[in-house]
Amino acid sequence: MKIVVCVKQIPDTTDIKWTENHTINREGVESVLNPLDFYALETALQLKDKLRDVEISVVTMGPLQAEFILKRAIAMGCDRGLLLSDRKFAGADTFATAKTLAKVITEKIPDFDMVLCGQFAADGDTAQTGPSLAKQLGVSLLTYVKAVDFQDSKFSATRETETNIEKYEVLTPVVLCITQGDYEPRRPLIDGFIRAKNTNIERLSCSDIKMCDDEVGLKGSPTYVSRAFTPNIEHAGEICINEDTEDTVRKLVSKIKEYV
Amino acid sequence: MSKKILIYIEKQNSVSEELAKKAQELLQNFDDAEIAGIAINAGLDLGSKTYFDKIYYVNDSRLENYSGEYYSKISIDLITEINPDIVLIGATSLGRDLAPQIASALQTGLTADCTALDINEDGKLAATRPTFGGKLMATILSKNNPQMATVRPHVIVTDFDVQLKDTEYIEIKPQIDDIKTHVKLLETIKKEISAGIEDAEIIVAGGHGVKDNLDLVYQLAEKLNGKVGVSRAVVDLGLAEASIQIGQTGKTVSPKLYIAIGISGAMQHTVGIMGAKKIIAINKDKDAPIFKLADFGIVGDALEILPQLIKSL
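From a predicted model like this one, the values you see are computed outputs, not experimental measurements.

## Focus: the pattern of salt bridges
- For the coordinates displayed, the defined rule picks out 35 salt bridges over all chains.
- Of the charged contacts, one joins Arg80(A) and Glu202(A) as a salt bridge, the two residues approaching to 2.8 Å between their closest N and O atoms. Taken together, the residues span a long stretch of sequence, with Arg80(A) in strand β5 (residues 80-84) and Glu202(A) in strand β11 (residues 202-204) at a distance of 122 residues.
- Judged by relative accessible area, which is 26%, Glu202(A) ranks as partly exposed.
- The shortest N-O distance in the salt bridge between Glu171(B) and Lys173(B) comes to 3.7 Å.
- Judged by relative accessible area, which is 61%, Lys173(B) ranks as exposed.
- Because the salt bridges share partners, they merge into one network encompassing Lys146(A), Glu160(A), Asp182(A) and Lys191(B).

## Description of the interface of chain B and chain A
- In this complex, chain B contributes 89 residues to the contact, which on the side of chain A involves 79 residues.
- Contact with chain A buries surface across chain B, with His182(B), Lys292(B) and Phe296(B) losing the most and accounting together for 10% of the total.
- Summed over the shared surface of chain B and chain A, the number is two salt bridges.
- Of the charged contacts, one joins Arg159(A) and Asp97(B) as a salt bridge, the two residues approaching to 3.6 Å between their closest N and O atoms.
- At the boundary of chain B with chain A, the tally comes to 34 residue pairs in polar contact (both at pLDDT 80 or more).
- Of the residues belonging to the side of chain B that touches chain A, the class tally is 38 nonpolar, 28 polar and 23 charged.
- In this sheet, strand β9 (residues 136-142) of chain B lies alongside strand β12 (residues 223-229) of chain A in antiparallel orientation, the contact comprising six bridges. Paired with Val225(A) across the strands is Ile140(B), a residue of β9(B).

## Focus: empty space enclosed by the protein
- Following the criterion strictly, the structure yields five cavities of 30 Å³ or more and no others.
- Computed from the structure, the largest cavity encloses a volume of approximately 90 Å³.
- Asp113(B), Cys114(B), Thr115(B), Pro130(B), Arg152(B), Val155(B), Gly247(B), Gln248(B), Thr252(B), Val271(B) and Gly272(B) together form the lining of the largest cavity.
- Looking at the lining of the largest cavity residue by residue, the class counts come to four nonpolar, five polar and two charged.
- Built from parts of two domains, the lining of the largest cavity gets at least three residues from each of domain 1 (2-171) and domain 2 (197-311) of chain B.
- Here the second largest cavity is characterised by a volume of approximately 70 Å³.
- The wall of the second largest cavity is formed by 13 residues, among which Thr94(A), Phe95(A), Gln128(A), Ala103(B) and Leu110(B) lie closest to the centre.
- Contributions of two or more residues to the lining of the second largest cavity are made by α3 (94-108) of chain A together with α3 (93-106) of chain B.
- For the lining of the second largest cavity, the leading source of residues is α3(B), giving three residues.

Rules and cut-offs
- Residues numbered from 1 in each chain as written.
- Chains lettered and ligands numbered in written order.
- Predicted model: local features only at pLDDT ≥ 70, side-chain atom pairs only at ≥ 80, totals over all residues.
- Heavy atoms only, no water.
- Salt bridge = Lys/Arg side-chain N within 4 Å of Asp/Glu carboxyl O.
- Helix = DSSP H or I, 4+ residues; strand = E, 2+ residues; numbered from the N terminus.
- Buried < 20%, exposed > 50% of the residue type's maximum accessible area, 1.4 Å probe, protein only.
- Contact = heavy atoms within 4.5 Å.
- Buried area = accessible area lost by both parts, 1.4 Å probe.
- Polar contact = N/O pair within 3.5 Å; in protein donor to acceptor, adjacent residues only side chain to side chain.
- Nonpolar A, V, L, I, M, F, W, Y, C, P; charged D, E, K, R; others polar.
- Pairing = 2+ DSSP bridges.
- 1 Å grid on protein atoms, 1.4 Å probe; cavity = no way out; pocket = protein on both sides within 12 Å on 5 of 7 lines; lining within 4 Å.
- Points joined across faces, edges and corners; volume = space filled by probe spheres on them.
- Domains from an automatic or database assignment.

Structure (structure tokens):
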């Protein structure tokens, strides 16, 4: 069985420092693997634990530096790492990204059984790349998948929406977008890190996957950003420095009463 | 000039009506404007007067439960037939599954979770959303038609003088016999939905600054008869359920009073509280952007202030 996991590196925004101008202080902001991608990887690894004969390929698109997230996935137990890295890929929107991912999968892992993605990336949160990828691969899709199981030679998936918990029978090939499950993604062990160090990451350019320049990146994207701006929300509210806690609490109580 | 907007009508969700009202505002300067809805097994009790000019509907037993493949096929067929300039869909769990499948098949641009929609000077849909991890707002345009966008419930509220219209209902015949899906629904369990934070009148929210003292946040919420919310940082650390996370990757809320404690106010959080009537913020960092939003702010240590505040309420 062949499983493909699509992952993304994102800036670590959990502990943001602010400048005086209310903008983000970018110094020391590191890249991390998108949190939900850990759950997609863990889902693939659990199926591998169960079914044994499983090859897990991990795919990402990004700068060469994004290689570290593929190494991390291999350290966790995945088998192959494919890095789509080409200046031509830059500026891709979710459609162009999905198209590129669909192409690398059909070129390099055409006999895939399952493609797993994180439900959304914590930086953009469009949640569009996975569904778009399913459509471009022409296979069925389930989103918001909390758990995948294999029993009596059948795959099943549990999907959780705002209102429902749904149980599905799943045939392959299929694309599943994985959300946070009731389990902890595993941490790599020492031998995993050693294996990752010795595993060659396959670097692929636009021409390696037989795509034209105008199909990828900014050119291949049906959307474009016409304007980017910092919103100017000035809400001339009253700001007090807490010097005397008793006085502060008094003010707070009176404001709460006023507002409710 | 003519302009046509198609809106996906979701059963039991206010977002479809919010979008129809917004569409009336967007199209106010077009003499030949049409607002159409598509209702797939959404019931027929929509009424003869709605905010839509036309509603295309289908009721079919095979469509009782949502299926991305079936619903997207029907939507794509209708879009191909009536050729709308713009397609708007609620950014619900259904919409976030459906919209990218439609956009991808039509090879057109889709902007997710917009916080503002406008028509620009070229008559194009200008869809604005937070981007780059919430650092910036971006206005996004689509090169092709239909120009698509999703919007969360309660985010876009228009004060435009909207009108109820005599709605024309048109039945569509779904062409879904050839679909061979690989996912088969076996069982649905309705979640017990306790009144969530979406409808709370008072929300006390804790962030990174009080991550180890969330019990104080809970105590304050209890005193005020409110609900507790948290920022993403707290959920990422495993200290709270994702169901009470507020912001771009969590819930959108519109309480009477929002008290943000130890929350810096990154845009990915504040997009979730744009509907709050009043905001009180307590934060140690005087430069935290939450103070730009707050009606009343205290620069200070929440751990010193909260115990006394809880006592005096």
